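# Summary of structural features
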Amino acid sequence: MVKRLVSSVLLLLSVSAPVAAEPMSAGQWAALTHPVPERPSSVGGAAAGCLIGAQSLPADSQGLQILRPQRNRFWAHPRTVEFIEQLGRTAHHQGLGPLLIGDMSQPRGGPMAYGHGSHQNGLDVDIWFRLPGKMLNARELGNPTPVSMVRGRNVDSRTWSARQLKVLELAANSSEVDRIFVNPAIKAAACKAARGNTDWLAKLRPWWGHDEHFHVRLACSIGDINCVTQAPVPPGDGCGAELSSWLAKSTVLPDHGRDKPNTRRPNLPSLCSQVLDQPGPREASAR
């Protein structure tokens, strides 16, 4: 019954434009503990969307560890999971692992009750710059210590190294990746240090925060009619006037109010109301 209902809605959307639904409570999405078992589809955009057919990132993936598993934010479109697992294997073989994986998406995507305004359609993942060089224990994973790579308007030589740059380059060189959000100081450091083929630098997009992690966003899947494509990155490597304008702004690091409750209530695509209402276990989300 669930599959027939969702499939009928997908068919309807294939012949008509999505219609914005009423805003839905982030708490409702955070309480969902299981995905909709249907053909994978990223519905809407990263900041106003939801997710069908999500997969969880296996906890035993080579070269990876999942941070704060109690949040249940280790779900994503299967393409995102595949990308992360491949990156983890590569990092392991190059002696860079384990990579610490932060928030991905909720089991059905949608707005989060606190923290991110994005990560809603299963194509986003946060990867920490911290490279511990050893496996963290359960206590450390549940309450990890973030490490900033930035000091003032420059990278911090005490924490930033060629290892962090290499992980960033490995991620950006994936054809699946549309863009990666990093602190402006980190973009500047990458522009200065990159050698050889530097086409990947264009994918690094300066944004506030992102000093402790980088935020990867995949492109929409080919043929996914429900996914809203983001505007393409500007031409060029972004290492000139655009980057200078970011470094000249007053804010390079965010304030200390991370993980604040979300007050945004975006208008989601109408299909998301069907996704939200599908039967399944619900419980209060953990922080």
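Below, the structure is looked at part by part. (Residues numbered from 1 in each chain as written. Predicted model: local features only at pLDDT ≥ 70, side-chain atom pairs only at ≥ 80, totals over all residues. Heavy atoms only, no water.)

When its secondary structure is counted, the protein chain shows eight helices and 12 strands. By the burial criterion, 51% of the 287 residues in the protein chain qualify as buried. The contacts in the protein chain between residues at least 6 apart in sequence include a share of 81% that link residues at least 24 apart. When the accessible surface of the protein chain is summed, it comes to about 13200 Å², and 54% of that surface belongs to carbon and sulfur atoms. (Helix = DSSP H or I, 4+ residues; strand = E, 2+ residues; numbered from the N terminus. Buried < 20%, exposed > 50% of the residue type's maximum accessible area, 1.4 Å probe, protein only. Contact = heavy atoms within 4.5 Å. Areas by Shrake-Rupley, 256 points an atom, 1.4 Å probe, with all protein chains shown as cover.)

Here helix α6 (residues 184-193) lies mainly inside the structure; seven of its 10 residues are buried. Looking only at α6, the buried set comprises Pro184, Ala185, Ile186, Lys187, Ala189, Ala190 and Cys191. Elements that come into contact with the buried residues of α6 comprise β8 (150-151), β9 (154-155), α5 (162-172), β10 (177-182), β11 (204-206) and α7 (241-247). Two or three places before Ala185, at the opening of α6, Asn183 has a side-chain oxygen 2.9 Å from that residue's backbone nitrogen. (Polar contact = N/O pair within 3.5 Å; in protein donor to acceptor, adjacent residues only side chain to side chain.)

Two cysteines joined by a covalent bond between their sulfur atoms form a disulfide. Inspection of every chain in the model, using the stated rule, returns three disulfides. Disulfide pairing places Cys191 opposite Cys239 at an S-S distance of 2.0 Å. A torsion of -80° about the S-S bond marks the disulfide between Cys191 and Cys239 as left-handed. Note that Cys191 is positioned in helix α6 and Cys239 in the loop between β12 (213-218) and α7, a separation of 48 residues in sequence. Each sulfur of the disulfide joining Cys220 and Cys227 lies 2.1 Å from the other. (Disulfide = S-S within 2.5 Å.)

On to the nonpolar core. What tends to happen in soluble globular proteins is that the nonpolar side chains get buried as a cluster. Ranked by internal contacts, the top residues of the largest apolar core, which has 47 residues, are Ile180 and Phe214. Element by element, the count of residues in this core is highest for α5, at six residues. With near-sequence residues (within four places) excluded, Ile180 lies in contact with Leu168, Ala171, Ala172, Lys203, Leu204, Arg205, Phe214, His215 and Val216. With 11 residues, the next largest nonpolar core counts Leu32, Cys50, Ile52 and Cys272 among its residues. (Core = buried A, V, L, I, M, F, W, Y, C linked by side-chain atoms within 4.5 Å.)

Here the focus is the pairing of strand β7 (residues 124-128). Counting buried positions over the five residues of β7 gives five, a clear majority of the element. Burial along β7 is two-sided: Asp124, Asp126 and Trp128 facing one way and Val125 and Ile127 facing the other are all buried. Summarising the sheet, β7 and β12 pair through five bridges and their orientation is antiparallel. Across the sheet, the residue bridging to Asp126 is His215, located in β12. (Pairing = 2+ DSSP bridges.)

Our next topic: the packing of aromatic side chains. According to the stated counting rule, one finds five aromatic pairs in the structure shown. Summarising the aromatic geometry, the rings of Phe74 and Trp75 are spaced 6.0 Å apart at their centres and angled 20° between planes, so their arrangement reads as stacked. The exposure classification of Phe74 matches that of Trp75, with both residues buried. Relative to Trp160, the ring of Phe129 lies with its centre 5.6 Å away and its plane at 75°, an arrangement referred to as edge-to-face. On the criterion of sequence distance, the pair formed by Phe129 in the loop between β7 and α4 (138-142) and Trp160 in the loop between β9 and α5 is long-range, its members being 31 residues apart. When sorted by exposure, Phe129 lands in the same class as Trp160, which is buried. Ring-pair connections join several aromatic residues into one group, and the members of that group are Phe129, Trp160 and Phe214. In this arrangement the basic side chain of Arg73 is found over the ring face of Tyr114, its NZ or CZ atom lying 4.2 Å from the centre. Residue placement shows Lys249 over the ring face of Trp246; its charged tip is 3.9 Å from the ring centre. (Phe/Tyr/Trp six-rings, centres within 6.5 Å; stacked < 30°, edge-to-face > 60°. Lys NZ or Arg CZ within 6 Å of the ring centre and 35° of its normal.)

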